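# Breakdown of the fold
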Amino acid sequence: MIFVLVGAADDALEPLVQQTFKADDFIKIGAGQWLVSADGSPTSKDVWLKITTAQAPASPPLLGIVFPVANGYFGLAPTTVWEWIAAKRQAAVIWSMGSKRPGPNPPGPKPS
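Right, let's walk through the structure included here.

Reading the values: the criteria
- Residues numbered from 1 in each chain as written.
- Predicted model: local features only at pLDDT ≥ 70, side-chain atom pairs only at ≥ 80, totals over all residues.
- Heavy atoms only, no water.
- Salt bridge = Lys/Arg side-chain N within 4 Å of Asp/Glu carboxyl O.
- Helix = DSSP H or I, 4+ residues; strand = E, 2+ residues; numbered from the N terminus.
- Buried < 20%, exposed > 50% of the residue type's maximum accessible area, 1.4 Å probe, protein only.
- Phe/Tyr/Trp six-rings, centres within 6.5 Å; stacked < 30°, edge-to-face > 60°.
- Arc of directions from axis to C-beta.
- Contact = heavy atoms within 4.5 Å.
- Pairing = 2+ DSSP bridges.
- Axes fitted to C-alpha atoms, helices over the stretch in contact; angles between N-to-C directions.

### Digging into the pattern of salt bridges
This model, assessed by the stated rule, comprises four salt bridges. Between Asp11 and Lys28 there is a salt bridge whose closest N-O contact spans 2.6 Å. One end of the pair, Asp11, is in the loop between β1 (2–7) and α1 (14–20); the other, Lys28, is in strand β2 (residues 26–30), and 17 residues separate them in sequence. Asp11 gets classed as buried once you look at its relative accessible area, which sits at 18%. When the shortest N-O distance is used, the salt bridge between Asp25 and Lys88 registers 2.7 Å.

### Quick notes on the packing of aromatic side chains
Taken as a whole, this structure holds one aromatic pair when the rule is applied. Considering the side-chain rings of Tyr73 and Trp82, the 5.7 Å spacing of their centres and the 25° angle between planes classify their relative orientation as stacked. For Tyr73, a relative accessible area of 40% puts it in the partly exposed group.

### Remarks on helix α2 (residues 44–52)
Note: α-helices contain 3.6 residues per turn, so residues at a spacing of three or four share the same orientation. Those residues of α2 that fall on the buried side of the exposure criterion are Ser44, Val47, Ile51 and Thr52. The arc that holds every buried residue of α2, seen down its axis, measures 120°, which confines them to one face. Lining the buried residues of α2 we find β1, α1, β3 (33–37) and β4 (64–68).

### Here's the deal with the sheet that holds β2
Strands sit in the order β2-β3-β1-β4 across an open sheet of four strands; the sheet is antiparallel. Two strands in the sheet have a free side with no partner beyond their single neighbour: β2 and β4. Strand-to-strand, the axes of this sheet are offset by a mean angle of 20°, without reference to chain direction. Pairing geometry for β2 and β3, over four bridges, is antiparallel.

Below, the structure written as structure tokens:
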């Protein structure tokens, strides 16, 4: 699932995003703004807690918001962003199919 992460423009979240997600599971789209990909069915809260648990305990609270990209998207962005989104959405479909995905010879009657 893809989430939008918006933090303060000072990029205080950037090192935490880099520590929390694999390099191909996030893309920076602006100052303090990322798209992140998380496997399974996490909530926005799950993603936020995953990011902020990497924060040093004595640090001041981080400002940010996380929300899912659930029902589509639209806008103007560099080609790399659209390619990243397409790759993550395709991976999510394959992941969600899991072992239910039919192989080259699905069960059932053979065609004549």
